[in-house]
Structures are given as C-alpha cells and as structure tokens.
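Understanding the architecture of this molecule
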Amino acid sequence: VEEILSVALRGGNDPELDYTMLWTIVETACRSGGILKLQLQDLDSKEMMIRLHEKGGKSRKQPVSKALMESILKLAKSRGASKPTDAVFCYKTKCDCNSRTKLGCTCKSHPHTACSAFSVPVSAHRFEKLWRRIGEQITWVAEEQVSNHWLRHSTLTWVERATSSNSIASKYAGHGPGTVTEG
C-alpha cells in the first residue's frame, strides 16, 4: 500500500487528488462510489467522521484521522468547493481565462469565486487512468489487477486482524450479514 501511495503522489497530472482519494479508501475502506459521491456536507471535522453514500442507497459514517480530514478539506476548498452539496473530489479548477496559478485565478475579468463554476467532479474514469498509470510503474499491481476494491479489502483484513473480530470488520465495511465479510 505504501508503494502504491508513493507512486500516486509522484506522478500524473494531479498527484494531490490521486493520493488523497487512495488515502481515503485505505483509511475508511470505502467503495469507489463513496469517493465519487462525497460532498462537503458529508465531512464532520468536529467528530472526525465522514458520511459515505454507497451501493444500495446505504449511507454510513466512518471515522477518519485528523490528517486525512484536513487533507480532504484543503483539497476540496482549493478546487472551489464552498456549498454543502459541492463535490469533495474534483479536478483542478479550470478558468476559461487561462490565468490559473497554484493560488487561484489571477485574472481581473471576474471575481475569483467564479472560477469554482469550472470545477468538475471526478468520475470512475479517473480511477481507471490512475490504476493504469500505477500498474505501469509497479508490475505486481498490473499482474494482480490491484484496484480500489483491493485497497478496501486490504484495510478490512487489517481491521479484522487488529481487532480479532469479524463483526467489527463487517461494520467497518458497511456490510450487512457477517457472512459477506467472511467471504
């Protein structure tokens, strides 16, 4: 997992986005859909919890570290997220004036906040490109067809081993009956 995260952070056209999305999966064992649907209103920085909206229309709260919460919030706000329903994981904010810098839009033709209208939420395609890139740099990732789901189940395995409890791992996974986690 460390090797995967390191490669995500070292390359691509948006390493901060890639790294933070994978870190979120590793820490929360969320599904891909949970990442794609995450909105500002789902982040509770006081309780250090995020609400994940995943398959079957189910939602669950998951604890996160302070470091991850701060990174997610920083990323979202740097991409123009300000309203509760704004997506957390977006591509870099694009401005049609082409004057963006790391600090934001520098043009004078519109207010800085207008640039956030050009921010686009990530889609599943982002993960496809990310895993292809990582697989090109780490051969075993391509050979083993490592994916978000592999990261999720690695975390669940760690939880089960650390707690010696299939029941806790099942709840952490957001699974229903314990037999799903056992499988």
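Here goes a summary of the coordinates provided. (Residues numbered from 1 in each chain as written. Predicted model: local features only at pLDDT ≥ 70, side-chain atom pairs only at ≥ 80, totals over all residues. Heavy atoms only, no water.)

On to the pairing of strand β2 (residues 49–53), then. What you see with β2 is a clean split: Ile50 and Leu52 sit on the buried side and Met49, Arg51 and His53 on the side with no burial. Direction of pairing for strand β1 (residues 43–44) relative to β2: antiparallel, over a ladder of 2 bridges. In the sheet register, Leu43 faces β2, and the bridge partner there is Ile50. Taking the residues that link successive antiparallel strands as the turn, the β1-β2 hairpin has 4 residues, and the phi of Met48 there is positive, at about 55 degrees. Across 5 bridges, the pairing between β2 and strand β3 (residues 59–63) is antiparallel. Paired with Arg51 across the two strands is Lys61, which belongs to β3. Count of turn residues in the β2/β3 antiparallel hairpin: 5 residues, of which Gly56 carries a positive phi of about 75 degrees. (Buried < 20%, exposed > 50% of the residue type's maximum accessible area, 1.4 Å probe, protein only. Helix = DSSP H or I, 4+ residues; strand = E, 2+ residues; numbered from the N terminus. Pairing = 2+ DSSP bridges.)

Formed by 35 residues in total, the largest nonpolar core has its most connected members in Ile4, Leu22, Leu43, Phe89, Trp131 and Ile134. Ranked by residue count, the leading element in this core is helix α2 (residues 15–28), at 6 residues. Those residues in contact with Phe89 that sit more than four places away from it in its chain are Leu17, Thr20, Met21, Thr24, Ile35, Leu38, Ile72, Leu75, Pro121 and Val122. (Core = buried A, V, L, I, M, F, W, Y, C linked by side-chain atoms within 4.5 Å. Contact = heavy atoms within 4.5 Å.)

With that settled, the discussion passes to unusual backbone geometry. A positive phi is found at Ala29, a non-glycine position, where the angle reads about 60 degrees. Residue placement: Ala29 occurs in the loop between α2 and α3 (32–37). Despite not being glycine, Ser164 has its phi angle at roughly 55 degrees, a positive value. The residue Ser164 is located in the loop between α7 (148–163) and α8 (166–173) in this model.

Approximately 160 Å³ is the volume attributed to the second largest pocket. As for the second largest pocket, its lining consists of 10 residues, and the residues nearest its centre are Arg31, Lys55, Lys58, Gly174 and His175. Split into classes, the residues belonging to the lining of the second largest pocket amount to 1 nonpolar, 4 polar and 5 charged. (1 Å grid on protein atoms, 1.4 Å probe; cavity = no way out; pocket = protein on both sides within 12 Å on 5 of 7 lines; lining within 4 Å. Points joined across faces, edges and corners; volume = space filled by probe spheres on them. Nonpolar A, V, L, I, M, F, W, Y, C, P; charged D, E, K, R; others polar.)

A few words on the sheet that holds β1. In space, the 3 strands of this open sheet follow the order β1-β2-β3, with antiparallel pairing throughout. One side of each edge strand has no neighbouring strand; the edge strands of this open sheet are β1 and β3.

Moving on, we get to the packing of α7 against α8. Pairs of packed helices are described in terms of their axes, by the angle between the two and the distance that separates them. Across the interface, α7 lies against α8 with an axial gap of 8 Å and an inter-helix angle of 145 degrees. Seen from above, α7 lies across α8 with right-handed handedness. Across the interface between the two elements, Arg152, Thr155, Leu156, Val159, Glu160 and Thr163 of α7 pack against Asn166, Ile168, Ala169, Tyr172 and Ala173 of α8. Classifying every residue of the contact of α7 with α8 by side-chain character gives 6 nonpolar, 3 polar and 2 charged. (Axes fitted to C-alpha atoms, helices over the stretch in contact; angles between N-to-C directions. Left-handed = near helix turned anticlockwise from the far one by under 90°.)

Here we come to helix α5 (residues 124–137). Compared with the 20 Å implied by 1.5 Å per residue over 14 residues, the 21 Å span of α5 between its first and last C-alpha is a close match. For α5, every residue scored as buried is listed here: Arg126, Phe127, Leu130, Trp131, Arg133, Ile134 and Gly135. In this structure, the buried residues of α5 make contact with α1 (2–10), α2, α3, α6 (139–143) and α7. (Expected span 1.5 Å × (residues − 1).)

Counted under the stated rule, the structure contains 8 salt bridges. The partner of Asp18 in a salt bridge is Arg126, with the nearest N and O atoms 2.9 Å apart. On the criterion of sequence distance, the pair formed by Asp18 in helix α2 and Arg126 in helix α5 is long-range, its members being 108 residues apart. Each member of the pair, Asp18 as well as Arg126, carries the same accessibility label: buried. Through salt bridges that share partners, Asp14, Glu16 and Arg79 make up one connected network. (Salt bridge = Lys/Arg side-chain N within 4 Å of Asp/Glu carboxyl O.)

Orientation of α1 relative to α5, taken along the N-to-C sense of each, is 110 degrees, at an axis distance of 10 Å. With respect to α5, the element α1 is oriented roughly perpendicular. Here Ile4, Val7, Ala8 and Arg10 of α1 lie close against α5, whose contacting residues are Leu130, Trp131, Arg133, Ile134 and Gln137. Counted by class, the contact of α1 with α5 contains 6 nonpolar, 1 polar and 2 charged residues. (Parallel < 35°, antiparallel > 145°, perpendicular 65-115°, else oblique.)

Function cannot be inferred from these measures alone, as they are strictly geometric.
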